[in-house]
Structure formats: C-alpha cells, structure tokens
Amino acid sequence: MSDPLLPDPTAPLTPSGNLRRRQAVSRITEGAATAAAVVALAALVLVLWTVVSRGAGVISFDFIFKGYPEGVGPMLLGTIVIALLATAIAMPIGVLVALYVTEYSGAKGARTLKLILDLLNGLPSIILGLFAFVFIVEAQEKQTGFAGSVALAIIELPLIARGSQEVLQLVPINLREASDALGVARWRTVLSVILPSALGGIVTSTILAVARAAGETAPLILATSAFDPKKFSVNPFEALPNIPTWIYKVSEEGNPNGYAEAWGMSLVLVFIILVTSLGARALLARSKRKLSS
Amino acid sequence: MSSSVPSRVRIQDKAPAIPVGVTETTVEIQPVVAPELVFDSREVSIFYGAKQALAGVNLGIRHGQITALIGPSGCGKTTFLRSLNRMNDSVSGFRIEGQILYHGHDVYGSSVDRVEVRRRIGMVFQKPNPFPKSIYDNVAWAPRNLGLRRGLDERVENALRGAALWDEVKDRLKDSALGLSGGQQQRLCIARAIAIEPDVLLLDEPASALDPIATGAIEDLMHSLKGRFTIVIVTHNMQQAARVADRTAFFSLETAGPKPVGTLIEVDETTRIFGEPRDPRTRDYVSGRFG
C-alpha cells in the first residue's frame, strides 16, 4: 500500500493516482471524435444547403411535369423508368442470391459469395457502363434505356443481395429447426416462414439500392441519352432522357440558364433519394423490431 | 459531508487514545463495537423507467467479510450489486433514490468520479469475459493503464497466485486467454480484478456458468481472498451462500403497490439465515418451500 498510485479506500471518491491525466486524454479523444462527427454532418448540411439554395428558385409545377425546355418532365420520367427496370432485373436475382447464401451454400460458399458481392459493389460504375456499352449498345447498334438499366441492375444487385442476406440471417435459426422438425421441405420453409419474416428488410435494401442507382451517372452517359433525347417516353428500347446525364450535360455548357436548370434537377434528384432512403430506413427499423421482439 | 460520516469512523478515531500496552483489551473489545461498514445503503430504491426494481433497501456491508445476496429471479439482487459501483448508470431509464455510502461517501454524490468508483470497487461477471489477449496481458492491462508499471511481472504473478491460477498457467502466460477452460477463464477474470488491488470485489453469480469442480475452485478462492478484500456475491445457489458467506441478505419480490417490487427481507449471519431465520418468508425460501 506504499505505492502512491494505490488509493486510500476511505478517501473521497474523487480521482486518485493518474486518473486526472487519463481523463484529460479521454476528453481530448472525445473532443476529436465529436469534431469528426460535426465535420461529417457539416459536409452533408453544406451540400444540401447548396443544392436547396441554388435549386429552389427554378422549382415549379411546370419545371417538374412539363416537357423540355419548359420543364424536365421527360428526364424525370426517364430516370423512373430506367430505375424501375433495373430493380425489376436486380431484385429477383439479388433475393435468390441472398437465399442461396443463407440457406443453401454452406459456410465456405457463403464466405466466397459475400466476398464476390462486396467486390462487385466496389466496382467503379464507369466500368459497368463500358460493359453495357460493349455488350448491349454495340450489339444493338443503338443506345437504349435498357442498356442503362442493365448497368444499374449490376450496381443494385450486390446491395440487394447483401442487405437481404443480412436480414435473412436475423431470422432465428430455431424457426428453421421448428419447420425442419415438422418434416417440411426446406424450400417450403423458405417460402412460408423465412421470406415473410424477412420481407420488410428485403424491401428496404431494395429501396436503398434504387436510391443509390437513381443518381448514378457514368453508366447512363455511355448507355443511353448521349444523343439528347428530350421527349416523354417510357419505351426502354430507345434512348431515354434522364436526370443525372442531363445535369452533367447542362452544367458542361457554360450557359447560366443551364446552371439554374442543373441545380433545379439536382434538388429534385436529392429530394427523391433522401425521401426513399429515409422511408426505407424507417421500414427497416420497423421490421427489425418485429423480428427481435 | 461530515454529518454523513458513520459512527464507526469516530470509533476508529478514538483508537490511538488507547494506551499501547493494552492491545489485549482492545482485541476483546472489538466484537462489541459496531463492525466497520464498507457500504451502508440507506432506503435505496431503484427504478428502470417507470418500473420499480427495488424498494427501501437498508443494508450494511461489513469490511473484510463475504456478504451473499440471495433470492429468487427478478428480486433485484443483481440490480443492487451493480448499483454499488455504478454499473447501472449506462442502463437507460436507471434512477436511484436513497443513499449508498461507501466509507461514508455517497457513491452517487455530485463530486464523485465514476471511474474512480470502479477503480476501488472491482467486479466479476456471470459469464467469464477475458479480453482476446494473452493471459499475461489480461492481468497486466489494467495496472498498466493505471500507471502501476513498477514490478509489473510480480504484480501479475501475485494476482494469478491470488486467484489460484498461477500453477496452471505459469508456463503459458503468452498464450491466448481464450484457450483456457471456463473455470480458468473466470479465475483469470478474478485475477484481473485483484491485480489493481481494489478495496471491494463484486461477484455477480461468478460460478453459475461453471461445472461443479470449477465452482468448487472458485469457492475455495473466495475463502482465500476473504479478509484481503471485502466481497459481495450474488448467487442463485443457496448452498454456495451457506458455504462461502459470513453474512447473507435475502431479497424477495413483495407486492406493496400495484406490482411486485424487489425488497430486502432479512440480513444476518449466514448460519442464522439458514439455521433460524426470523422472517417466515426467509424460512420458506431457504428450506425450498418458496411460494
């Protein structure tokens, strides 16, 4: 007990030994972490504020719904068509991949597949654009919304598969065992026990993937719309106008009206993405609560 | 502060006044004076949000002794234990009324530092939770943090000897602690706790995840630690309380208001609690006729 670093047990419960110094270090670390969090938040706020303050001026009913040049309705419609088609391609495949990983592949296969999905997720989108260009645009000898959708589907696939797989893994193992013990085949279990429990999470990860894909620009520049289509169209087998490439195009022109238009479209795009992301997260929180309670 | 200092400190203060030659007499007197209290809980009530977990607990924990907290599940004994070193602070909705005095100082006082509280009042949990480090580093980590670097090897050895683990691990101190058996891991956690020489050890069902042989080792260990540390142990196992504890406190769920609330029924010498308890509820519980 001669060591000055050992406290007298009967002394008041104020810092003894080197605690004051440790607390100073602790406060510095906490301060640094807080500052980092503030910087991250500030970046988001700054971006949003810039988009809102510069884009709000041009937003009107006409801007959103009318044809070009009064409004950007065709681009908005094109973006929606391309994103929906991409999701229609990616979602079934993504969910099946997730089911394969959680229910059928075994531990080793699951590890490999997850690694592949993560690598796919890390691919630069311009490369997926080139892929779509070489295999679809060149083959068909024209740019199409479909080619863009395929590129976006490849972007969405790993997001949907990994997201779904994580929710599927949350479904308790004893539900599977309960079903197995009743002599029910695994596919039946998947269909009527596992998928319904995980549905909320699967929908959520899909919406998040849509939000991510809706803003992708690089693949669309190569796959669709480089030749300035400006009319309303829902036909994916022709080049479709869309918001991201249009933002890119009018910002490149050096025309003040084009800038205003680009900010306006940015605001529309950011609004759509934020609303879908927040909605999806709320949905996910709800389905996780349902699963864990 | 001075008004909250309990009487035993004043008794201690008088001690030097006794002439040096009559130590024999003081030894005889000692059982008569009030025993030194490490903890003195006064009308402690604990809430988690709107739910009350404990009501009006008055319990003194004596210095150098082993005090066991027993009672049925949900009676608040672990809650009480965890509030002694403020481990409940991070539980959302936690609120405490009344006072817990530690050597006369309010544990929940405004000038109290939580880290300092835990530095003096160590804890061992139900499930062994060694760090994913070597056996040596598990024990040496906290002393290093606290600046107790001088004679670190010796400190680690003493702690491992104190936890009756030294002979089993002395040849593989650099091996991962996760390779030890459950009972060894739990003794390592005790070694880790005593390496920084705390004043009190709080044990939350330390043997409930262990087999009978490992449990026996932990109980032997507690006997050897008695006197060096004040020990408070929560246990589901009544035989264990009877074997290791000097004093035993029996908690139960009592319906006072709309819902049952954890209540301290009786605290006494262990032999009395198991031999001739005063309260019929204690008698029913220790004789297995709980209902």
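Residues numbered from 1 in each chain as written. Chains lettered and ligands numbered in written order. Predicted model: local features only at pLDDT ≥ 70, side-chain atom pairs only at ≥ 80, totals over all residues.

Asks: Go over the overall build of chain B with me, naming the residues and quoting the values.
Replies: Looking only at helices and strands, one finds 12 helices and 10 strands in chain B. Split into buried and exposed, the 291 residues of chain B put 42% on the buried side. Restricting the contact set of chain B to residue pairs at least 6 apart, pairs at least 24 apart contribute 69%. (Helix = DSSP H or I, 4+ residues; strand = E, 2+ residues; numbered from the N terminus. Buried ≥ 20, exposed ≤ 12 C-beta atoms within 10 Å, placed from the backbone. Contact = placed C-beta atoms within 7 Å.)

Asks: So, the overall build of chain A: which residues are in play, and what are the values?
Replies: A count of helical and extended segments in chain A gives 11 helices and 0 strands. Against the globule reference of 19 Å for 293 residues, chain A gives a C-alpha radius of gyration of 26 Å, more extended than a compact globule. Dimensions of chain A along its principal axes, counting C-alpha atoms only, are 85 × 60 × 35 Å. Within chain A, the fraction of its 293 residues that count as buried is 35%. A separation threshold of at least 6 residues defines the contact pool for chain A, and within that pool the share at least 24 residues apart is 78%. (Rg over C-alpha atoms; globule rule 2.2 N^0.38 Å.)

Asks: Which residues make up the pairing of strand β2 (residues 51-62) of chain B, and what are the values?
Replies: Residue and element names in this part refer to chain B. In this sheet, β2 lies alongside strand β1 (residues 37-48) in antiparallel orientation, the contact comprising 8 bridges. Across the sheet, the residue bridging to Tyr48 is Lys51, located in β2. Between β1 and the antiparallel strand that follows it, β2, lie 2 residues; Gly49 among them carries a positive phi value of about 60°. (Pairing = 2+ DSSP bridges.)

Asks: Describe the environment of Pro212 of chain B, listing the residues and the values that go with them.
Replies: The topology assignment puts Pro212 of chain B in helix α9 (residues 212-225). For the pair Pro212 of chain B and Asn88 of chain B, spaced 124 residues apart in sequence, the C-alpha to C-alpha distance is 30 Å.

Asks: I'd like a description of the interface of chain B and chain A, backed by residues and values.
Replies: Contacts between the two partners involve 17 residues from chain B, matched on the other side by 14 residues from chain A. Examining the composition of the side of chain B that touches chain A, we find that 5 residues originate from one element, helix α4 (residues 114-120) of chain B, more than from any other. The residue inventory of the side of chain B that touches chain A, partitioned by class, reads 7 nonpolar, 4 polar and 6 charged. (Nonpolar A, V, L, I, M, F, W, Y, C, P; charged D, E, K, R; others polar.)

Asks: Kindly report on the pairing of strand β10 (residues 260-269) of chain B, identifying the contributing residues and their values.
Replies: All names here are of chain B. Across 2 bridges, the pairing between β2 and β10 is parallel. Bridge assignment links Leu54 to a residue of β10, and that residue is Gly262. Pairing between strand β9 (residues 247-255) and β10: 9 bridges, direction antiparallel. Paired with Ser252 across the two strands is Thr263, which belongs to β10.

Asks: So, the confidence of the model for chain B: which residues are in play, and what are the values?
Replies: Residues and elements named next belong to chain B. With 88% of its residues at a pLDDT of 70 or more, chain B shows a mean pLDDT of 87. Under a pLDDT of 50 for its full length, residues 1-19 has, in the predicted model, 16 contacts with residues more than four places off or in other chains. Here residues 21-31 scores under 50 on pLDDT; set against residues more than four positions off or in separate chains, the count is 1 contact. (pLDDT = per-residue confidence, 0-100.)

Asks: Go over the packing of helix α5 (residues 125-140) of chain A against helix α6 (residues 145-170) of chain A, please, and point to the residues and values.
Replies: Between two packed helices, the angle of one axis relative to the other and the distance separating the axes together describe the packing. Residue and element names in this part refer to chain A. Between α5 and α6, the shortest axis-to-axis distance is 9 Å and the interhelical angle comes to 140°. As far as their axial angle goes, α6 and α5 are oblique. Classified by chirality, the crossing of α6 by α5 is right-handed. Contact residues: Ser125, Leu128, Gly129, Phe131, Ala132, Ile136 and Val137 in α5; Phe146, Ala147, Gly148, Val150, Ala151, Ile154 and Ile155 in α6. Partitioned by chemical class, the residues of the contact of α5 with α6 number 11 nonpolar, 3 polar and no charged. (Axes fitted to C-alpha atoms, helices over the stretch in contact; angles between N-to-C directions. Parallel < 35°, antiparallel > 145°, perpendicular 65-115°, else oblique. Left-handed = near helix turned anticlockwise from the far one by under 90°.)

Asks: Which residues make up the sheet that holds strand β4 (residues 94-102) of chain B, and what values go with them?
Replies: Residues and elements named next belong to chain B. Strand order in this open sheet of 10 strands is β5-β4-β1-β2-β10-β9-β3-β8-β7-β6, and the pairing throughout is mixed. Among the strands making up the open sheet, the edge pair consists of β5 (105-106) and β6 (121-124). Packed on one face of the sheet, helix α8 (residues 182-194) meets β6 and β7 (200-204) and runs near 170° to β6.

Asks: Before we move on, can you summarise the nonpolar core with the specific residues and values?
Replies: In summary, soluble globular proteins display a tendency toward joint burial of nonpolar side chains. Ranked by internal contacts, the top residues of the largest apolar core, which has 77 residues, are Leu69, Ala163, Ala191, Leu202, Val232 and Ile233 of chain B. When neighbours within four sequence positions are excluded, Ala163 of chain B is seen to be in contact with Arg187, Leu188, Ile190, Ala191, Ile194 and Leu221 of chain B. Counting 63 residues, the second largest nonpolar core, distinct from the first, contains Ala90, Ile202, Ile243 and Val250 of chain A. (Core = buried A, V, L, I, M, F, W, Y, C linked by C-beta atoms within 7 Å.)

Asks: I'd like a rundown of unusual backbone geometry, residues and numbers included.
Replies: Omega for the bond connecting Tyr68 of chain A with Pro69 of chain A falls within 30 degrees of zero, at 5°, which places this linkage in the cis form. Position of Pro69 of chain A among the secondary structure elements: in the loop between α2 (61-65) and α3 (73-104). Even without being glycine, Glu141 of chain A reaches a positive phi, approximately 60°. Glu141 of chain A sits in the exposed class, given 6 other C-beta atoms within 10 Å. Notably, Glu197 of chain B is not glycine yet its phi reads approximately 50°, a positive angle. By secondary structure assignment, the location of Glu197 of chain B is in the loop between α8 and β7.

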